[in-house]
Amino acid sequence: ADGRLDGTVALVTGASSGIGEATARALAAEGAAVALVARRRDRLEQAAESIRSAGGTALAVEADITDAASAQAAVAGTVNALGGLDTLVNNAGLMLLGPFGEAPPEEWDRMLAVNVQGLLYVTQAAQPHLVSAAENGSRRVADIVNISSTAGRVAGIGNAVYSATKFGVVALTEALRKELLPQRVRVGVVEPGTVDTELTTHVRAEIQQAVARQIEGMEKLLPEDIAEAVAYIVTRDRRVAVNEMLVRAGAQT
Ligand code: NDP
């Protein structure tokens, strides 16, 4: 079957689980050769293997994007192995919640490092390759899709710093959108609501119950629901630019 992303290359950060893994699968199903970037090699290999067995092309790239050299190596390794880069999905992220006053500052450092700094390192390394794909590729357009959150639109109790990182991702998206527009690199943002993933497993034990209570009984989004939103954005004709998609769970206020 002809895929709308045939002949293109995509890099997805945080592709070892959740939304990133589902997005890698969705882009591969559209014909993109996909590089799956994260730290857990075993999970990356599993995800890549499952894409391959479905007939796709997938490369597992172990990297910690909070390390600039590691982020740059992930991009360079992808371009070397797969021949270019047309689509970047900045999805890797960390959500550590709880009252601001009690939070260990190292939690803030980790969230800022992954959600903001890591995204910056990967994006800067990818930029020249995306520009070149938009100039020389058959689609004459390239894409960056950043994964923010509803917390990037509405801040709330217990998520001050997470929200700061995700508002930051929205701001970065808008600035880069304008900056890269002349080169036909589209920059968009998806803001997911509550998705059933491993994201909440990283909060401190004493916060787990409060988080569980907040979403108790609510039907959550599936990672595939967000993957479809990303795939929609990157499969549009070059005359179209979807700048932002806020996708909440149906039962979410
Ligand atoms: P997961 O915890 O399942 O996925 C997070 C991914 O980020 C993993 O693949 C993880 O891989 C990767 N990651 C974490 N740290 C690093 C690092 N230093 N370097 C490279 N990769 C890293 O959660 P989700 O799928 O839910 O999260 C994906 C994105 O969606 C995040 O940005 C999150 O903020 C956002 N989001 C999620 C929502 C939800 O309800 N689930 C709602 C709104 C937004 P590894 O540990 O192997 O490195």
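Residues numbered from 1 in each chain as written. Predicted model: local features only at pLDDT ≥ 70, side-chain atom pairs only at ≥ 80, totals over all residues. Heavy atoms only, no water.

### Description of the nonpolar core
A general tendency of soluble globular proteins is for nonpolar side chains to be buried together.
Argument step 1. The biggest cluster of nonpolar side chains holds 38 residues, and the ones touching the most others in it are L27, V34, L36 and V190.
Argument step 2. Listing elements by their share of this core, those giving two or more residues are β1 (9–13), α1 (18–29), β2 (33–38), α2 (41–53), β3 (57–62), β5 (142–147) and α7 (223–234).
Argument step 3. The greatest single-element share of this core, amounting to 7 residues, is contributed by α7.
Argument step 4. Beyond its immediate chain neighbours, meaning those up to four positions away, L27 contacts L5, A10, V12, A32, V34, T87, V89, A231 and V234. (Core = buried A, V, L, I, M, F, W, Y, C linked by side-chain atoms within 4.5 Å. Buried < 20%, exposed > 50% of the residue type's maximum accessible area, 1.4 Å probe, protein only. Helix = DSSP H or I, 4+ residues; strand = E, 2+ residues; numbered from the N terminus. Contact = heavy atoms within 4.5 Å.)

### Details of the side chain of T235
Argument step 1. Topologically, T235 is positioned in the loop between α7 and β7 (244–247).
Argument step 2. Side-chain polar atoms of T235 contact the side chain of R236, separated by 3.2 Å.
Argument step 3. In this structure, T235 is in contact with R4, L5, E30 and R139, ignoring residues within four places of it in sequence. (Polar contact = N/O pair within 3.5 Å; in protein donor to acceptor, adjacent residues only side chain to side chain.)

### As for unusual backbone geometry
Argument step 1. Located in the positive-phi region is R140, a residue other than glycine, with phi close to 55°.
Argument step 2. For R140, the location among the structural elements is in the loop between α4 (105–136) and β5.
Argument step 3. The phi dihedral of R184 falls on the positive side, at around 65°, and the residue is not glycine.
Argument step 4. By secondary structure assignment, the location of R184 is in the loop between α5 (160–180) and β6 (185–192).
Argument step 5. Overall, R184 belongs to the partly exposed group, its relative accessible area being 36%.

### Points about the pattern of salt bridges
Argument step 1. Evaluated as defined, the whole model comprises 16 salt bridges.
Argument step 2. One salt bridge connects R110 with E106, and the closest N-O pair in it is separated by 3.7 Å. Here E106 and R110 lie together in helix α4, a separation of 4 residues that amounts to about one turn.
Argument step 3. Between R177 and E174 there is a salt bridge whose closest N-O contact spans 2.9 Å. With a gap of 3 residues between them, R177 and E174 both fall in helix α5, about one helical turn apart.
Argument step 4. R177 sits in the buried class, given a relative accessible area of 19%.
Argument step 5. A relative accessible area of 33% means that E174 is categorised as partly exposed. (Salt bridge = Lys/Arg side-chain N within 4 Å of Asp/Glu carboxyl O.)

### Concerning the sheet that holds β6
Argument step 1. Reading across from one edge, β3-β2-β1-β4-β5-β6-β7 is the order of the 7 strands in this open sheet, with parallel pairing throughout. Only two strands of the sheet have a single neighbouring strand rather than two, namely β3 and β7. Strand-to-strand, the axes of this sheet are offset by a mean angle of 15°, without reference to chain direction.
Argument step 2. When β6 meets β7, the two strands line up parallel, connected through 4 bridges. Bridging from a neighbouring strand, V190 pairs with M245 of β7.
Argument step 3. Relative to strand β4 (residues 87–90), α4 is tilted by about 160°, and along the sheet it contacts β1, β4, β5 and β6.
Argument step 4. α5 rests against β5 and β6 of the sheet, and its axis sits at about 160° to β6. (Pairing = 2+ DSSP bridges. Axes fitted to C-alpha atoms, helices over the stretch in contact; angles between N-to-C directions.)

### As for the environment of E62
Argument step 1. As for its position among the elements, E62 is in strand β3.
Argument step 2. Taking relative accessible area as the criterion, E62 reaches 45% and is therefore assigned partly exposed.
Argument step 3. Taking the C-alpha atoms as reference points, E62 and T194, separated by 132 residues in sequence, lie 27 Å from one another.
Argument step 4. Aside from chain neighbours lying at most four places away, what touches E62 is A38, R39, R41 and L44.

Honestly, it's all geometry; don't read function into it.
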